[in-house]
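# Analysis of the macromolecular model
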Amino acid sequence: MKRMITGIALVAVVLTHSCSKKDISFINSPDKDGTAYNKPVGASSRDFLTSSPFTSLAVEIQYVSGYAPDAAALNQLQQFLTTRLNKPGGITINTKAIADPGEATLSLSRIREIEQQNRTLFNKGNQLSIYILYSNSDFTDAGTLGIAYRNSSAALMGKKIHDNSGGFGQVSRTKLEATVLEHEIGHLLGLVDLGTPMQSAHKDATHGNHCSNQQCLMYYASETTDVFGFLSQNNAPSLDAGCLSDLKANGGK
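Residues numbered from 1 in each chain as written. Predicted model: local features only at pLDDT ≥ 70, side-chain atom pairs only at ≥ 80, totals over all residues. Heavy atoms only, no water.

### Topic: helix α5 (residues 173-188)
Each α-helix turn comprises 3.6 residues. Residues three or four places apart therefore point the same way. In a regular helix each residue adds 1.5 Å, so 16 residues correspond to 22 Å; α5 covers 23 Å between its end C-alpha atoms and thus fits that length. Across the 16 residues that make up α5, a large majority, 14, are buried. (Helix = DSSP H or I, 4+ residues; strand = E, 2+ residues; numbered from the N terminus. Expected span 1.5 Å × (residues − 1). Buried < 20%, exposed > 50% of the residue type's maximum accessible area, 1.4 Å probe, protein only.)

### Let's talk about the layout of surface pockets
By volume, the largest pocket amounts to about 170 Å³. Forming the walls of the largest pocket are 13 residues, and the residues nearest its centre are F80, E182, P237, S238 and L239. Counting residues per element, the ones that place at least two in the lining of the largest pocket are α2 (71-84) and α5. Tallied by class, residues from the lining of the largest pocket come to six nonpolar, five polar and two charged. (1 Å grid on protein atoms, 1.4 Å probe; cavity = no way out; pocket = protein on both sides within 12 Å on 5 of 7 lines; lining within 4 Å. Points joined across faces, edges and corners; volume = space filled by probe spheres on them. Nonpolar A, V, L, I, M, F, W, Y, C, P; charged D, E, K, R; others polar.)

### Overview of the packing of α2 against α5
Packing of α2 against α5 brings their axes to within 8 Å, and their N-to-C directions diverge by 35°. When the axes of α2 and α5 are compared, the crossing they make is right-handed. Of the residues in α5, those touching α2 at A72, A73, L74, Q76, L77, F80 and L81 are T174, E177, A178, L181, E182 and I185. A per-class count over the contact of α2 with α5 returns nine nonpolar, two polar and two charged. (Axes fitted to C-alpha atoms, helices over the stretch in contact; angles between N-to-C directions. Left-handed = near helix turned anticlockwise from the far one by under 90°. Contact = heavy atoms within 4.5 Å.)

### Some remarks on the packing of aromatic side chains
Under the definition given, this model contains four aromatic pairs. Geometrically, the ring pair formed by F26 and Y37 is edge-to-face, given 5.7 Å between the ring centres and 85° between the ring planes. Highlighted residues: F26 in the loop between β2 (13-14) and α1 (45-49) and Y37 in the loop between β2 and α1, separated in sequence by 11 residues. Y37 sits in the buried class, given a relative accessible area of 4%. Seen from their ring centres, Y37 and F122 are 5.4 Å apart, and the 75° between their planes marks the pair as edge-to-face. One end of the pair, Y37, is in the loop between β2 and α1; the other, F122, is in the loop between α3 (108-118) and β6 (127-135), and 85 residues separate them in sequence. A relative accessible area of 7% means that F122 is categorised as buried. An aromatic cluster of three or more residues is present, and its members are F26, Y37 and F122. (Phe/Tyr/Trp six-rings, centres within 6.5 Å; stacked < 30°, edge-to-face > 60°.)

So this is what it looks like as structure tokens:
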């Protein structure tokens, strides 16, 4: 499925230390310079936010059968990207099913391997790319719903999200999934103090690259299953003034 916006990443664990400097390769595009996709989270923040040198963005979401993205959550992701990024050439979101890895738990290294085996969209000309995996497995840290692990790569724990949303007494799937997606994208955009410089002191010193505002999308609790209780009592969180100021100063809207 492809969605297009003309005129124009949550619940996350940020893994800035995990990317080595060595090249990587992709099965579907072995000639690609892997170093462009093997940088720390936030390293491409300005490329995402500005219109130069990349005027458009392609988001590739791959999912294991049975865990396809929620359509309303994708609509909200499009709105989020449109509102924050300067991409006059447009933004596309592409979805595709991939083979089940057949593993109950995925490590970070295994998630990387799945991307390298399946990713098909890459930077091309003036188009930038993001890769997001929806898995049917838990992460090695069972309380994790999503991770940002490279400069243009993130993963959502689809089964964990499905098991804890959409049922009686549970938060809606759209609300939970959209929160996860936008939080992950927020980290790829360099929040908080992760490639996008802070314009004011709002980093949570105790919890790393997260916002100190408990109502902000980038607050650390959004990276754990603790978010279930918050979302059941409140509207989905949005970026606060501090995070918005950071994005604007780095070339975003």
